[in-house]
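Chain by chain, the residues run as shown.
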Amino acid sequence: MREFLNRSYDDFLLKFGNLNAAENLKVIKMDTAGNDIPFLERNIGGTWQKADIFSRPVSFSTEELTRVDTVEEALSASLNKYGRVELDYMAGLCDSSREELKTGLYGRIFYNPLENEYQIADKFIAG
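How each quantity is defined
- Residues numbered from 1 in each chain as written.
- Predicted model: local features only at pLDDT ≥ 70, side-chain atom pairs only at ≥ 80, totals over all residues.
- Heavy atoms only, no water.
- Helix = DSSP H or I, 4+ residues; strand = E, 2+ residues; numbered from the N terminus.
- Rg over C-alpha atoms; globule rule 2.2 N^0.38 Å.
- Buried < 20%, exposed > 50% of the residue type's maximum accessible area, 1.4 Å probe, protein only.
- Contact = heavy atoms within 4.5 Å.
- Areas by Shrake-Rupley, 256 points an atom, 1.4 Å probe, with all protein chains shown as cover.
- Lys, Arg positive; Asp, Glu negative; His and termini not counted.
- Charge placed at Lys NZ, Arg CZ, Asp CG, Glu CD.
- Core = buried A, V, L, I, M, F, W, Y, C linked by side-chain atoms within 4.5 Å.
- Pairing = 2+ DSSP bridges.

(A) Focus on the overall build of the chain. The number of helices and strands found in the chain is 6 helices and 4 strands. Going from N to C terminus, the chain has its helices and strands arranged as α-α-β-β-α-α-α-β-β-α. Taking 127 residues into account, the globule formula puts the C-alpha radius of gyration at 14 Å, and the chain, at 20 Å, lies well above it. The principal-axis extents of the C-alpha atoms in the chain amount to approximately 55 × 30 × 25 Å. Burial status across the chain gives 26% buried among its 127 residues. For the chain, contacts bridging at least 24 residues in sequence account for 33% of all contacts bridging at least 6. Split by element, the accessible area of the chain, about 9100 Å² in all, is 54% carbon and sulfur. Here the chain carries 15 positive and 21 negative side-chain charges, and the mean point of each set is 5 Å from the other.

(B) Layout of the nonpolar core. If you look at the biggest cluster of nonpolar residues, it comprises 16 residues, and the most contacted ones within it are Val85, Leu87, Met90, Leu101 and Ile109. With 6 residues, the single largest contributor to this core is helix H4 (residues 87-94). Residue contacts for Ile109: discarding those within four places in its chain leaves Leu75, Val85, Leu87, Lys102, Tyr118, Gln119, Ile120 and Ala121.

(C) Molecular detail of the pairing of strand E4 (residues 117-120). The pairing of strand E3 (residues 109-112) with E4 spans 4 bridges and is classified as antiparallel. Pairing of Ile109 across the sheet is with Ile120, part of E4. The antiparallel pairing of E3 with E4 creates a hairpin that spans 4 residues between the two strands, and Asn116 there sits at a positive phi of about 55°.

(D) Examining unusual backbone geometry more closely. Notably, Asp95 is not glycine yet its phi reads approximately 50°, a positive angle. Mapped onto the fold, Asp95 is located in the loop between H4 and helix H5 (98-104).

Distances and angles like these do not, on their own, reveal function.
Pasting the structure below:
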């Protein structure tokens with residue numbers, strides 16, 4: 001996905017210039033979802049450059065977690081590391097059993113028999 005993001009940005013840059021160019025900002029800001037787009041670039045020394053997301057993860061730490069305090073934090077850690085619910089990983093982080101995790105996350109995770117895995121509510125409900 002990062003490669004796609006880089007290609008898309010590079011193509012846009014060749015055709016229209018920087019996202020933060022005045023003429024581009026006018027169009028971008030017309031869309032209510034466009035408020036975050038300018039943050040894909042940062043100005044360093046008067047030059048617009050790609051933001052860090054183009055080269056590395058930025059929404060979570062890349063350091064390995066060894067302990068969390070709650071089952072909710074364990075779920076977040078699992079989603080950040082694996083992109084899915086990994087009960088064994090989560091159990092190791094918070095010294096809980098799989099059953100304790102399922103009870104503590106009641107309504108937040110569901111078992112999907114078609115995928116043979118637990119999923120967060122949003123994904124399960126969306127199908």
